[in-house]
Amino acid sequence: MNPATFRKQLVSFLIITLAAAAYAIGFVWCYEPNNIAFGGITGLAQIVNHLIPAVPIGVTVIVLNLPLFLLGWRLLGGRMLLGSLYAMALSSLFIDLFSSLWDWQPMNPMLGCIFGGLILGVALGLVFQQDATTGGTDLAARLLKLRLAWLPMGKLLMAVDLVVIVLVALAFRALDTMLYGLVALYISSIAMDGVLYGLDNAKVAYIVSERNGEISRAIVEQLERGVTILQGQGAYTGADRKVLLCAFKQREIASIKNLVKQIDPDAFLIVCPAHEVLGEGFRAYRKNDL
């Protein structure tokens, strides 16, 4: 392994370590003391710990995860399974460690939902970014992603976790436990998708102007963004129109609008969000991308 690859792997595992610690803190600080239903294998471990208090949650998570890891080995490959095993084992150990080091007291359940969901969502997003999972339903959602590539990871994980949250609520015999769990799960899925896709936000501008040539040259030369000329036609007048298409980063939106309006104050400008833009100046395509 060359030094550059080794450094990259080292940084990846460092991020997974920090994310696993955040995951565990979110659970022991916000979820467990407030009896907020938690999805996935950790949620099932909550049920086991509730029924048999002597059985630690972290150890139960590891035991329940083993069959899933064996199932996913062939589909995901050794590299991802190694990172997932590391993340799962570390987050489970951190849960038991942090539980023993501090007596975590209950807080306002709604605060627990909000901050617990945010912490776990960010932590899971960081783990997924490193081509790993924390095991359990995270791993199940990652496997489903291979078949349902068009669905965001946060939404997939939310769907998989719903059943476990209902089971946790039944085990604790509290409807509010389930309802708070659903709120936290929704926040977590939003936070996770924000980490995975939020930094990749881009915009697409459609520009109709009598001075298309000047505008396209200015965008290419001043902003160094490519422009595609589309052939259009006015529905009312029937006149042929050229429409400029330009993809750009979120931070460049003010520059695009100012440049267009400086050249032609009467230009018709539509700016739309673009979920993913692949190609030069943006993100490269990767097989099995999230």
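Residues numbered from 1 in each chain as written. Predicted model: local features only at pLDDT ≥ 70, side-chain atom pairs only at ≥ 80, totals over all residues. Heavy atoms only, no water.

*Asks:* Please clarify how the pairing of strand β2 (residues 228-233) should be interpreted in this entry.
*Replies:* Walk down a regular strand and you will see the side chains alternate between the two sheet faces. As judged from the 6 bridges shared by β2 and strand β3 (residues 240-249), these two strands associate in the antiparallel manner. Residue pairing in the sheet places G232 in a bridge with R241 of β3. Counting the residues between successive antiparallel strands, the hairpin from β2 to β3 contains 6 residues, one of them, G238, with a positive phi of roughly 75°. (Pairing = 2+ DSSP bridges. Helix = DSSP H or I, 4+ residues; strand = E, 2+ residues; numbered from the N terminus.)

*Asks:* Would you mind showing me how to read the state of the cysteines here?
*Replies:* In protein chemistry, a disulfide is the covalent bond that joins the sulfur atoms of two cysteines. As enumerated under the stated definition, the model contains 0 disulfides in all. Free cysteine C113: the closest other cysteine sulfur is in C30, separated by 9.2 Å. On the accessibility criterion, C113 (0% relative accessible area) is buried. (Disulfide = S-S within 2.5 Å. Buried < 20%, exposed > 50% of the residue type's maximum accessible area, 1.4 Å probe, protein only.)

*Asks:* Would you mind going over the pairing of strand β1 (residues 202-208) with me for this structure?
*Replies:* Counting buried positions along β1 yields 5 of 7 residues, so the element is predominantly enclosed. With 7 bridges connecting them, β1 and β3 associate as antiparallel partners. Across the sheet, the residue bridging to A205 is C246, located in β3. Of the strand pairs in this sheet, β1 and strand β4 (residues 268-274) are connected by 7 bridges, and their pairing is antiparallel. Following the sheet pairing, V204 is matched in β4 by C272.

*Asks:* In this structure, what is going on with the sheet that holds β2? I would like to understand it.
*Replies:* Strand pairing within a sheet occurs via backbone hydrogen bonds; the two strands may be parallel or antiparallel. Reading across the sheet, the 4 strands line up as β2-β3-β1-β4 and stay open at both edges, with antiparallel pairing between neighbours. Of all strands in the sheet, those with a lone pairing partner are β2 and β4, marking the two edges. Sheet twist, expressed as the average angle between the axes of neighbouring strands with direction ignored, equals 25°. Strands in contact with helix α9 (residues 212-222) are β1 and β3; relative to β3, the strand with the most contacts, it is inclined by about 15°. The sheet contacts of helix α10 (residues 253-263) involve β1, β3 and β4, and relative to β3 the element is tilted by about 150°. (Axes fitted to C-alpha atoms, helices over the stretch in contact; angles between N-to-C directions. Contact = heavy atoms within 4.5 Å.)

*Asks:* Could you clarify how one ought to interpret the packing of aromatic side chains in this entry?
*Replies:* Any aromatic ring pair is given by two values, namely how distant the centres are and how the planes are angled relative to each other. Under the defined criterion, the tally for this structure stands at 3 aromatic pairs. Centre to centre, the rings of F13 and Y86 are 5.1 Å apart; their planes meet at 75°, and the pair counts as edge-to-face. Remark: Y86 occurs in helix α4 (residues 78-101) and F13 occurs in helix α1 (residues 3-31); sequence separation between them is 73 residues. Judged by relative accessible area, Y86 falls into the partly exposed class, the value being 31%. For the pair F27 and Y31, a centre-to-centre distance of 6.5 Å together with 15° between the ring planes defines the contact as stacked. With F27 and Y31 both in helix α1, this residue pair falls 4 residues apart, about one helical turn. Accessibility classification places F27 together with Y31 in one group, the buried group. (Phe/Tyr/Trp six-rings, centres within 6.5 Å; stacked < 30°, edge-to-face > 60°.)

*Asks:* Could you clarify how one ought to interpret α9 in this entry?
*Replies:* Those residues of α9 lying buried are N212, I215, S216, A218 and I219. One side of α9 holds all its buried residues, which, seen down the axis, span an arc of 160°. Opposite the buried face of α9, by more than 90 degrees, sit the exposed residues E221 and Q222. The secondary structure elements touched by the buried residues of α9 are β1, β3 and α10. Immediately downstream of α9, the backbone of E224 shows phi near 55°, a positive value. (Arc of directions from axis to C-beta.)

*Asks:* Would you explain a nonpolar patch on the surface in this entry?
*Replies:* A contiguous nonpolar surface patch, about 460 Å² in accessible area, is contributed by M110, L111, I114, F115, L118 and V183. In terms of residues, the nonpolar patch owes the most to one element, helix α5 (residues 109-129), which gives 5 residues. Here L118 lies in helix α5. Given a relative accessible area of 39%, L118 falls into the partly exposed group. (Patch = residues over 30% accessible without salt bridge, like charges linked within 9 Å, V, L, I, M, F, W, Y side chains within 5 Å. Areas by Shrake-Rupley, 256 points an atom, 1.4 Å probe, with all protein chains shown as cover. Salt bridge = Lys/Arg side-chain N within 4 Å of Asp/Glu carboxyl O.)

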